[in-house]
Amino acid sequence: MFQSYAIWPHMSVFENVAFPLRVARDEKFTAGEIGRLVDEALARVSLQGFGSRSATRPSGGQQQRVALARAIVRKPRLLQLDEPLSNLDAALREEMRNELRRLRQEIGVITVYVTYDQAEALEMSDRIAVRSHGRIVQMGAPQDIYFRPANRFVADFVGTTNWLIGRLGESRPEGLCEVKSAAAAASPVWQRPRRPPTPVSRSGQKTSLCRRWRRRVHPTPTGSKATSYSPASSAR
């Protein structure tokens, strides 16, 4: 699915969605099959009854849904979305983000979602691949990418980061190390696993500390919920 939707203005909504079926070389579809598959795809993106409309009449969010229906009409095994929400305003982005998440779960297709929006990546993904200069520098679950960045580029690119400069202290057999930072006077000693594994460093060596905040929701005696934030750090 293209970032600009690539909706053909001279075709109706129905014909836009039906196009992959009409030009398919590996399989021939009858008129009845095309009609059924197009109606199913439009229903999945909540555009029932839009088939006869001109493709230029729907709003931006609806055109995005038309492009999505065209992408899934042949029931692909892999779906690639290239920044599909970048042309929408904030309210529509949130609506379509929920719609894409629901649709992905409903049709069960493997989805490659290309985006520069870190919030979208963290919220929608099972696994994230962070690329720099065309190379993947880290791949993993959203929590690992956020709380255990592989290098400074990933830490700066994904989420908000506070950097503290400190020096290495004692190393322990279980893979923990101490990082002492003058900037954190209240708690000058930090202990976090090293990830990925690095050669044993000498005590006193200068290092940097990536500090993020972890959000926790706690039940209260009255039945409501309270939110607290605590630091989560890793040495680099």
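Structural data are supplied above this passage.
These notes cover the structure that comes with them. (Residues numbered from 1 in each chain as written. Predicted model: local features only at pLDDT ≥ 70, side-chain atom pairs only at ≥ 80, totals over all residues. Heavy atoms only, no water.)

Things to note about helix H4 (residues 90–107)
Note: α-helices contain 3.6 residues per turn, so residues at a spacing of three or four share the same orientation.
For step 1, the next point in the chain: With 18 residues, H4 should cover 26 Å at 1.5 Å per step; its first-to-last C-alpha distance of 26 Å lies within 8% of that length.
For step 2, the next point in the chain: Listed as buried for H4 are Arg-93, Met-96, Arg-97, Glu-99, Leu-100 and Leu-103.
For step 3, the next point in the chain: Buried residues along H4 sit against helix H2 (31–44), helix H3 (60–72), strand S1 (78–82), strand S2 (110–114) and helix H5 (118–124).
For step 4, the next point in the chain: Remark: Gly-108 follows H4 within two positions and exhibits a positive phi of approximately 65°. (Helix = DSSP H or I, 4+ residues; strand = E, 2+ residues; numbered from the N terminus. Expected span 1.5 Å × (residues − 1). Buried < 20%, exposed > 50% of the residue type's maximum accessible area, 1.4 Å probe, protein only. Contact = heavy atoms within 4.5 Å.)

Some words on the pattern of salt bridges
For step 1, the next point in the chain: In the structure shown here, the tally under the stated rule is 16 salt bridges.
For step 2, the next point in the chain: Arg-97 is the salt-bridge partner of Glu-123, the closest N and O atoms lying 3.0 Å from each other. Linking Glu-123 in helix H5 with Arg-97 in helix H4, this pair joins segments that are 26 residues apart in sequence.
For step 3, the next point in the chain: Its salt-bridge partner being Glu-106, residue Arg-102 comes within 2.5 Å of it at the nearest N-O pair. With Arg-102 and Glu-106 both in helix H4 and four residues apart, this pair spans about one turn of that helix.
For step 4, the next point in the chain: Here the salt bridges do not stand alone but share partners, grouping Arg-93, Glu-94, Arg-97, Arg-101, Asp-117, Glu-120 and Glu-123 into one network. (Salt bridge = Lys/Arg side-chain N within 4 Å of Asp/Glu carboxyl O.)

Description of the packing of helix H1 (residues 13–22) against H2
For step 1, the next point in the chain: Orientation of H1 relative to H2, taken along the N-to-C sense of each, is 120°, at an axis distance of 10 Å. Relative to H2, H1 is oriented oblique. For the element pair H1 and H2, the recorded crossing hand is right-handed. From H1, Val-13, Phe-14, Val-17, Ala-18, Leu-21 and Arg-22 reach across to H2, where they touch Ile-34, Gly-35, Leu-37, Val-38, Asp-39, Ala-41 and Leu-42.
For step 2, the next point in the chain: Grouping the amino acids of the contact of H1 with H2 by side-chain chemistry returns ten nonpolar, one polar and two charged. (Axes fitted to C-alpha atoms, helices over the stretch in contact; angles between N-to-C directions. Parallel < 35°, antiparallel > 145°, perpendicular 65-115°, else oblique. Left-handed = near helix turned anticlockwise from the far one by under 90°. Nonpolar A, V, L, I, M, F, W, Y, C, P; charged D, E, K, R; others polar.)

Read these as geometric descriptors, not functional statements.
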